[in-house]
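An overview of the molecular structure
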Amino acid sequence: MRVYGVEQDRHEFAEFYAAAWDDCLRIVMISVGDRALSEDLVAEVFTKAWASWPKVRGLAEPRAWIIRSALNAHVSWWRRHRREVALGSHDATATTSQDPGLDSSLVAALRRLPVRQRQVIALRLLLDLDTATTAEMLGMSGSTVRSHLHRAVAALRRDIPARNDQEIAQ
Amino acid sequence: MNDDPTLADVRDGLAEVRDSLAKAHPSIPASEIIARASRRRTRRGLAGAGAACAAIGLTLGLVLPSGSQARPVHVHLAAWSVDTNPNGTVTFNLLQVSQPARLQHVLAEAGVPARVRWGKICLARGRHVLLSTEGFVKFSPSKTWKDQPESTFAVIGPGKIGYWSWTINPAKIPSGARFMLSAVPPDSVPRNDIQAVWEFVPESAPVACARFMKS
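Summarised in this report is the structure supplied together with it.

Per the secondary structure count, chain A includes ten helices and zero strands. Taking all 170 residues of chain A together, 39% fall into the buried category. A fraction of 67% describes how many contacts in chain A between residues 6 or more apart in sequence connect residues 24 or more apart.

In structure tokens:
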């Protein structure tokens, strides 16, 4: 005799949560810029992941689902709170972290990108997924992924002259 | 424009940032994440069930029976017993699923909405419909398992149920929810099929019944 599959699901989910949480949080933090808010977003999305666990666990890359959903949730969060933001860019106001890496010019430039471009960067470059899996996880075609990536990298290139100069000097 | 050097530069730069962030462990345990989802599911399920019941009641002009119509019950059979306790809770002991219609009726009288089926295993379709029983059900199987799920329990393969016992507070059972209890004769159950199962689900949840059902 053994316990029915729900218990097995809980065990699987707990393992996934423990293994994926840190990776997902780091990537969301880079895009969001605030540790506390990122932790809230990631917790919220993991809660949704458990509610849809049969679907989520069957995905090619469940971590990508967490990250994409957290970044979407961040947009929703910002829409709810934008009236509380005193000045223009919500991204600029959100950089209150205790992590110095999050204050780099590269990360600041990344946060100015549209959310779809940020999602592509997060999945393709930070989670290191291939174009096909990124496309599947974001519900877009491979060519759209490449297009978003191209534009994002072009924007980052413009926004980081120091890095650009360094690259040309090599 | 060739993006490749810049792409590599961006990848490396972001990877540096990612790796520089302080490693952390989840501040919320997985069990709490699961509990949050269960509480949210319960609220949504009951809101939906409540709306559906209200709509049906308005359409048909019916007043649905409520838990307040429960009365003290003391029924003892060899296979099962249902007793209303002085504090209003109900103790339900089960050795075998026998006389399912009577058991369902007795439970209903005690204020415990239930669907009981013998000869087929019935499950709400989709595990997402399980509702939380936290705070009003204490379930004690004769054999215990570590980290036992709160809203469902099953015996798999040939064998006996053993002895299942519930203490239920009918006053706290959310409206629009019910227990589902089903079992098949233990002798005929294949190795990995369900022999007996209970779960707590919305009344509106679609139910699938079959003689044999895999775990």
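Tallying secondary structure elements over chain B gives three helices and eleven strands in all. Beginning at the N terminus, the succession of helices and strands in chain B can be written as α-α-β-β-β-α-β-β-β-β-β-β-β-β. When burial is assessed residue by residue, chain B has 34% of its 215 residues classed as buried. Long-range pairs, those at least 24 residues apart, make up 67% of the contacts in chain B between residues at least 6 apart in sequence.

Residue and element names in this part refer to chain B. Taken together, five strands build an open sheet; the order of strands is β1-β2-β3-β8-β6 and the sheet is antiparallel. Edge positions in the sheet fall to β1 (74-76) and β6 (137-141), since each of these pairs with one other strand and no more. Averaged over all neighbouring strand pairs, the angle between strand axes comes to 10 degrees, with direction disregarded. Where strand β3 (residues 90-94) and strand β8 (residues 164-168) come together, five bridges link them in antiparallel fashion. Each residue of the ladder has a partner; that of V90, found in β8, is I168.

This part is about the nonpolar core. Judged by nonpolar contacts, the single largest core of 52 residues is most densely connected at V28(A), V42(A) and I67(A). Per element, the largest residue contribution to this core is eleven residues, and it comes from helix α1 (residues 5-32) of chain A. Those residues in contact with I67(A) that lie beyond four places of it in its chain are C24(A), I27(A), V28(A), A122(A), L123(A) and L127(A). With 43 residues, the next largest nonpolar core counts V112(B), W164(B), W166(B) and A205(B) among its residues.

On to the pairing of strand β10 (residues 194-202) of chain B, then. All names here are of chain B. Along β10, nine of the nine residues are buried, which leaves the element largely enclosed by surrounding structure. Direction of pairing for strand β9 (residues 177-183) relative to β10: antiparallel, over a ladder of seven bridges. From the neighbouring strand, M180 faces β10, where its bridge partner is E199.

A few words now on the pairing of β8(B). Residues and elements named next belong to chain B. Covered by surrounding structure in β8 are W164, W166 and I168 only, the residues S165 and T167 on the alternate face being uncovered. With five bridges connecting them, β6 and β8 associate as antiparallel partners. Bridge pairing in β8 links S140 to S165.

As a further point, take the environment of F200(B). Among the secondary structure elements, F200(B) is positioned in strand β10. Note: C-alpha distance between F200(B) and P113(B) (87 residues apart in sequence) is 9.9 Å.

Further remarks concern the environment of P185(B). Turning to its location among the elements, P185(B) is positioned in the loop between β9 and β10. Along the backbone, P185(B) and Q195(B) are ten residues apart, and their C-alpha atoms lie at a distance of 7.2 Å.

The next thing to look at is the environment of D23(A). Residue and element names in this part refer to chain A. Along the polypeptide, D23 turns up in helix α1. Note on D23: 15 C-beta atoms within 10 Å, which makes it partly exposed. Expressed as a C-alpha distance, the spacing of D23 and I67, which sit 44 residues apart in the sequence, is 9.3 Å.

What follows is about helix α8 (residues 131-138) of chain A. Residue and element names in this part refer to chain A. Turning to α8, its buried residues are T134, A135, M137 and L138. In a view along the axis of α8, the buried residues occupy a sector of 165 degrees, so they form one face of it. Immediately downstream of α8, the backbone of G139 shows phi near 65 degrees, a positive value.

Turning our eyes to something else, we now look at the packing of helix α7 (residues 115-126) of chain A against α8(A). Residue and element names in this part refer to chain A. Put simply, α7 and α8 touch, their axes get as near as 10 Å, and they point 135 degrees apart. Of the possible angle classes, the one that applies to α7 and α8 is oblique. In this structure, α7 meets α8 at a crossing whose hand is right-handed. Judged by residue contacts, Q119, V120, L123 and R124 of α7 engage T134, M137 and L138 from α8. Grouping the amino acids of the contact of α7 with α8 by side-chain chemistry returns four nonpolar, two polar and one charged.

Definitions and cut-offs
- Residues numbered from 1 in each chain as written.
- Chains lettered and ligands numbered in written order.
- Predicted model: local features only at pLDDT ≥ 70, side-chain atom pairs only at ≥ 80, totals over all residues.
- Helix = DSSP H or I, 4+ residues; strand = E, 2+ residues; numbered from the N terminus.
- Buried ≥ 20, exposed ≤ 12 C-beta atoms within 10 Å, placed from the backbone.
- Contact = placed C-beta atoms within 7 Å.
- Pairing = 2+ DSSP bridges.
- Axes fitted to C-alpha atoms, helices over the stretch in contact; angles between N-to-C directions.
- Core = buried A, V, L, I, M, F, W, Y, C linked by C-beta atoms within 7 Å.
- Arc of directions from axis to C-beta.
- Parallel < 35°, antiparallel > 145°, perpendicular 65-115°, else oblique.
- Left-handed = near helix turned anticlockwise from the far one by under 90°.
- Nonpolar A, V, L, I, M, F, W, Y, C, P; charged D, E, K, R; others polar.

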